[in-house]
Amino acid sequence: MSPPPGTLFPTRPPEALTVAGEISGALGAHVDRLAAALPVLRAAAPTLGGWGTDLAARLLTGSRLLAAGNGGSAAEAQHLTAELVGRFDGERCPLAAIALHADTSSMTAIANDYGFTEVFARQVRAHARPGDVLLLLSTSGRSDNLIAAAVAAVGAGAARWAITGPGPNPLAAACDRAVCLPGDTATVQECHLAAVHMLCRAVDTAVAAAATHGPA
């Protein structure tokens, strides 16, 4: 419909203005939740830095990182392993890291034969060795298959680390070390990506230091 004579631009209907305001408010609240979580992530920097130093030492001496998660957390876990096998900031040797959920044939076979709770635990029992690290990511910290994997890692002699949503939670309790981050699912996932990058940066720094000065 053409605007009335003398009107340069058509006016927006009131309902459009209401929806635009709701969207603006929702997006502002999203950023506010992330901003509220960032101080907790900053406080976790010494822990993530220590993990990076420990992980670099293990990987440089033949151990491996096994990582797993469900849904968005699976994507974060696979992002981490890709950064380690490939590269993060600069050139370095490839580091042994495996995303357990990326083996779809094993995952679906195990789920079919043993149930979904066993999809990671059985792989941990098959692959994990003393000195390896099992890193589990979960926004809830309550996924039965990740908790079962942590339990399986005990028998394999692997270290158990978790990056989760708000604590305390069962997965954090089942692991040797945990970083628990606050917020709703979206906020936790966004913080998990930052935590993964912080861990990678710590690993790269420790690997570079080992190349320059020798093992710590």
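Look up: the structure comes first, before these words.
A brief structural summary. (Residues numbered from 1 in each chain as written. Predicted model: local features only at pLDDT ≥ 70, side-chain atom pairs only at ≥ 80, totals over all residues. Heavy atoms only, no water.)

1. Structural notes on a nonpolar patch on the surface
Thinking step 1. Together, Val19, Ile23 and Leu27 line one region of the surface with nonpolar side chains, adding up to about 270 Å² of accessible area.
Thinking step 2. The topology assignment puts leucine 27 in helix 1 (residues 14-43).
Thinking step 3. Under the relative-accessibility criterion, leucine 27 is labelled exposed at 53%. (Patch = residues over 30% accessible without salt bridge, like charges linked within 9 Å, V, L, I, M, F, W, Y side chains within 5 Å. Areas by Shrake-Rupley, 256 points an atom, 1.4 Å probe, with all protein chains shown as cover. Salt bridge = Lys/Arg side-chain N within 4 Å of Asp/Glu carboxyl O. Helix = DSSP H or I, 4+ residues; strand = E, 2+ residues; numbered from the N terminus. Buried < 20%, exposed > 50% of the residue type's maximum accessible area, 1.4 Å probe, protein only.)

2. Quick notes on the packing of helix 3 (residues 72-85) against helix 8 (residues 185-213)
Thinking step 1. At a minimum axis separation of 10 Å, helix 3 and helix 8 run at an interaxial angle of 15°. Taken together, helix 3 and helix 8 sit at an angle that is classed as roughly parallel. Crossing of helix 3 against helix 8: the hand is right-handed. Across the interface between the two elements, Gly72, Ser73, Glu76, His79, Leu80, Glu83 and Leu84 of helix 3 pack against Gln189, His192, Leu193, Val196, His197, Leu199, Cys200 and Val203 of helix 8.
Thinking step 2. Grouping the constituent residues of the contact of helix 3 with helix 8 by class yields seven nonpolar, six polar and two charged. (Axes fitted to C-alpha atoms, helices over the stretch in contact; angles between N-to-C directions. Parallel < 35°, antiparallel > 145°, perpendicular 65-115°, else oblique. Left-handed = near helix turned anticlockwise from the far one by under 90°. Contact = heavy atoms within 4.5 Å. Nonpolar A, V, L, I, M, F, W, Y, C, P; charged D, E, K, R; others polar.)

3. Points about the environment of threonine 53
Thinking step 1. Mapping threonine 53 onto the fold places it in helix 2 (residues 45-60).
Thinking step 2. On the basis of relative accessibility, which here comes to 46%, the residue threonine 53 falls in the partly exposed class.

4. Some points on unusual backbone geometry
Thinking step 1. Here the residue pair glycine 167 and proline 168 is connected by a cis peptide bond, since its omega of -5° sits within 30 degrees of zero.
Thinking step 2. With respect to the element layout, proline 168 can be found in the loop between strand 4 (159-164) and helix 7 (170-174).

5. Some words on the side chain of asparagine 169
Thinking step 1. The residue asparagine 169 is located in the loop between strand 4 and helix 7 in this model.
Thinking step 2. Judged by relative accessible area, asparagine 169 falls into the buried class, the value being 5%.
Thinking step 3. Separated by 2.9 Å, the side chains of asparagine 169 and threonine 164 make a polar contact. (Polar contact = N/O pair within 3.5 Å; in protein donor to acceptor, adjacent residues only side chain to side chain.)

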